[in-house]
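Here's the letter readout for the chains.
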There are 2 protein chains.
Amino acid sequence: MSGQTKIILASASPRRRELLAQIGLEFEVQVSNVEEKAAAHSPGELVEELSRQKAEAVFALTDDPAQAVLVIGADTVVALGEEILGKPADEAEAVSMLRRLSGASHQVYTGVTLLYREAGGKTAPAPVKQKTFHEMTRVQFYPMSRQEIESYAANGEPLDKAGAYGIQGVFARYVQGLEGDYYNVVGLPVGRLYQELKDFVNFGGLCEKSGNL
Amino acid sequence: MSGQTKIILASASPRRRELLAQIGLEFEVQVSNVEEKAAAHSPGELVEELSRQKAEAVFALTDDPAQAVLVIGADTVVALGEEILGKPADEAEAVSMLRRLSGASHQVYTGVTLLYREAGGKTAPAPVKQKTFHEMTRVQFYPMSRQEIESYAANGEPLDKAGAYGIQGVFARYVQGLEGDYYNVVGLPVGRLYQELKDFVNFGGLCEKSGNL
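Keep in mind that this is a model prediction, so the values were computed, not measured.

Draft legend 1. Region of interest: the nonpolar core. Judged by nonpolar contacts, the single largest core of 96 residues is most densely connected at Y165(A), F171(A), Y165(B) and F171(B). For F171(A), the residues in contact, after removing those within four places along its chain, are L98(A), F141(A), M144(A), Y152(A), Y165(A) and G166(A).

In structure tokens:
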């Protein structure tokens, strides 16, 4: 059990990278280009399923059974009533999404999958442990004028974000409040993630920096 | 009515500075060293009163009636039941505060005062408009171990923060969720502030960058 656990974030999102660093973990980023597919589900089941696919695809690329490894996969969607909003395809779709979210309340779901394997021998890899969960946060927007919506959509920020907005930027102007974890809206529920890791990885110190996990 | 409004943030907090910049305002920072004093109040009345004192002290230093000016004052406290927690005096007090907040729910109050004067003639300054409000956010912490509390208190981060924690840093590990505006917990309710400014400053464009206010 010597050596540190290698932590891999299976996500290309710069926001998730910042959040994981914020809570003191040291990690690498690795992304698979597996096509994510999911049948119709509730939003919670959907993000769990997609986070699992991302984590499994990256876990499959790890090739040293003597190295303890933890892979973290995550996926976020915005739900408005029965409907799921992903990333807008273009500015026009961003405007249309923001119009529907304006002055209303919606839900943000982030699913997280943890895949963990302790260090084993070269011939007998240790078994793989898995944990998947999701968090939901309700978000309430102030009413936005047509000009405010068009101006925000035109700045390009919505295009890589589920629901066409980023709560951590200038869009904070339009957020009245929320119920749940703020960081879950940014893309990773770091409070829940940290608590799950304390239970899941049953030995001290995932890495130097997080020695007090 | 030519010329832009000069916006002054009457707060030394680097977090408030970042938040005001985040929503696209251009401003200067000016701090008075007036001793803040407030009689016993409810937390909401207290932060409103202290924000008013900060804004008024800085407003009194403005000396060009021909220049339109907006001063923003703010104050934040943490309330646990009937008790108000300010900034801890030292590491031991930080540990004691965090022990009480651990595994429990508390309230964060931020009061904001806006003082605004349109550009007037040299001899007849325009009248001063004032608006004061506060926002409250409930915050729920996960239970923290003694080691987690002591390790966080020892890193020095709690010392300049009401309630001995900063939600925007590594402390996110211990935050289960909240109800209300996240940025209110950081120190400035920027959503509400932006909406109030739209009503309060009744002409287009506080400054170049915020032309779409």
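Draft legend 2. Region of interest: helix α6 (residues 190–200) of chain A. With 8 of 11 residues buried, α6(A) lies mostly within the body of the structure. Inspection of α6(A) places V190(A), G191(A), L193(A), Y194(A), Q195(A), E196(A), L197(A) and F200(A) among the buried residues, and these make up the whole buried set.

Draft legend 3. Highlighting the pattern of salt bridges. Inspection of every chain in the model, using the stated rule, returns 24 salt bridges over all chains. For E196(B), the salt bridge is made with K131(B), and the minimal N-O distance between the two is 3.4 Å. Of the two residues, E196(B) is situated in helix α6 (residues 190–200) and K131(B) in strand β6 (residues 128–141); the sequence distance between them amounts to 65 residues. Judged by its relative accessible area of 12%, E196(B) is buried. Connected via shared salt-bridge partners are K131(A), E135(A), R192(A) and E196(A).

Draft legend 4. Inspection of the side chain of S51(A) at higher detail. Residue and element names in this part refer to chain A. Here S51 shows up in helix α2 (residues 43–59). Since its relative accessible area comes to 0%, S51 is described here as buried. Aside from chain neighbours lying at most four places away, what touches S51 is G73, A74, D75, G111, V112, T113 and T132.

Draft legend 5. Structural detail: the interface of chain A and chain B. Taken together, the contacts link 31 residues of chain A with 31 residues of chain B. Here chain A packs against chain B, burying approximately 2600 Å² in sum over the two surfaces, 45% of which is carbon and sulfur. In this assembly, chain A and chain B are joined by 2 salt bridges. For K198(A), the salt bridge is made with E148(B), and the minimal N-O distance between the two is 2.7 Å. At the boundary of chain A and chain B, one finds 20 residue pairs in polar contact (both at pLDDT 80 or more). Counting only elements with at least two residues in the side of chain A that touches chain B, the list comes to α4 (146–154), β7 (175–180), α5 (182–186) and α6 of chain A. Broken down by class, the residue content of the side of chain A that touches chain B amounts to 12 nonpolar, 13 polar and 6 charged.

Draft legend 6. Representation of α2(A) within the structure. Here α2(A) spans 24 Å end to end across 17 residues, near enough to the 24 Å set by a 1.5 Å rise per residue. In terms of burial, α2(A) is a largely internal element, 13 of the 17 residues being buried.

Draft legend 7. Structural context of the environment of G86(B). All names here are of chain B. Locating G86 in the fold gives a position in the loop between β4 (83–85) and α3 (91–101). On the basis of relative accessibility, which here comes to 29%, the residue G86 falls in the partly exposed class. For the pair G86 and T137, spaced 51 residues apart in sequence, the C-alpha to C-alpha distance is 16 Å. Sequence-distant contacts of G86, defined by excluding residues within four places in its chain, comprise M97, K161, A162 and G163.

The rules behind these values
Residues numbered from 1 in each chain as written. Chains lettered and ligands numbered in written order. Predicted model: local features only at pLDDT ≥ 70, side-chain atom pairs only at ≥ 80, totals over all residues. Heavy atoms only, no water. Core = buried A, V, L, I, M, F, W, Y, C linked by side-chain atoms within 4.5 Å. Buried < 20%, exposed > 50% of the residue type's maximum accessible area, 1.4 Å probe, protein only. Contact = heavy atoms within 4.5 Å. Helix = DSSP H or I, 4+ residues; strand = E, 2+ residues; numbered from the N terminus. Salt bridge = Lys/Arg side-chain N within 4 Å of Asp/Glu carboxyl O. Buried area = accessible area lost by both parts, 1.4 Å probe. Polar contact = N/O pair within 3.5 Å; in protein donor to acceptor, adjacent residues only side chain to side chain. Nonpolar A, V, L, I, M, F, W, Y, C, P; charged D, E, K, R; others polar. Expected span 1.5 Å × (residues − 1).

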